[in-house]
Amino acid sequence: MGYKKLIATPHINNLFPDNNPEKLLHSFYQIAQETNRSRFEVKLGIAAEYMLDSGFEKHLLARNLLTLDDRIVLIEFPTFQAPPNIEEVLFELQLAGYKPMLAHPERYSFFHSDLTKYEKLKELGCLFQLNLLSLAPNQNDHVRNSASKLLNCDWYEYVGTDIHSPDQLKYLSKIKLRHSFSNNELL
Ligand SMILES: [Fe+2]
């Protein structure tokens, strides 16, 4: 499919308390060793997708967040509501030298009817990452429409695949995105 670099972003949240940077880095090196042995030609990288739940503060205080290039931290919200302290969290992240990036903003139903809520996050310095699978034909219409609106506003800086299992590749391979991203990065 033409990918030259893959960056894994495993979940770090209260449901996976054992997922911490040390353990994930150890697993990642094991995968890298296996892929080197098989002459896998794609570069690998590791970051994480941090849920802004009650456990996030301790990760932030430890200042050891797993980031994408340029100290970008991928964050996500709980399914049914944005964290009430989101402004404070975005501020604290930036104060600590991180660049927050919200994963799949198009997926949050509590934002769908009001574009200004997205605009507010952009004003607070939050980058957005589109999930390519949000554009798949089997996806909910509200999510697809929201992704189209955000693309039209040019508010996405990054793209992720959201691949969680091999059978999702069949959807990913059918997605055509006619949109140029200023940083030309696909993650
Ligand atoms: Fe997510």
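So, a few notes on the structure that sits alongside this text. Given the structure is predicted, the values throughout are model-derived calculations rather than measurements. (Residues numbered from 1 in each chain as written. Predicted model: local features only at pLDDT ≥ 70, side-chain atom pairs only at ≥ 80, totals over all residues.)

1. Here we look at unusual backbone geometry
Phase 1 of the analysis: Even without glycine at this site, R63 takes up a positive phi of about 55°.
Phase 2 of the analysis: Among the secondary structure elements, R63 is positioned in the loop between α2 (56-62) and β5 (72-76).
Phase 3 of the analysis: You will see that D162, though not glycine, has its phi angle at about 65°, which is positive.
Phase 4 of the analysis: Mapped onto the secondary structure, D162 falls in the loop between β8 (158-160) and α6 (169-172).
Phase 5 of the analysis: Assessed through the 20 C-beta atoms surrounding it within 10 Å, D162 is described here as buried. (Helix = DSSP H or I, 4+ residues; strand = E, 2+ residues; numbered from the N terminus. Buried ≥ 20, exposed ≤ 12 C-beta atoms within 10 Å, placed from the backbone.)

2. Quick notes on the nonpolar core
Phase 1 of the analysis: In terms of nonpolar packing, the biggest core is built from 32 residues, with Y50, V73, L74, I75, M101 and F128 touching the most fellow members.
Phase 2 of the analysis: Sorting the residues of this core by element identifies β4 (49-51), β5, β6 (99-103), α4 (115-123), β7 (127-131) and α5 (141-152) as the ones contributing at least two each.
Phase 3 of the analysis: Setting aside residues no more than four positions away along its own chain, M101 makes contact with I72, V73, L74, I75, L127, F128, Q129 and Y158. (Core = buried A, V, L, I, M, F, W, Y, C linked by C-beta atoms within 7 Å. Contact = placed C-beta atoms within 7 Å.)

3. Focus: the environment of I31
Phase 1 of the analysis: Structurally, the position occupied by I31 is in helix α1 (residues 21-37).
Phase 2 of the analysis: In the structure, I31 is positioned 13 residues away from L44 in sequence and 9.2 Å away in space, judged by C-alpha atoms.

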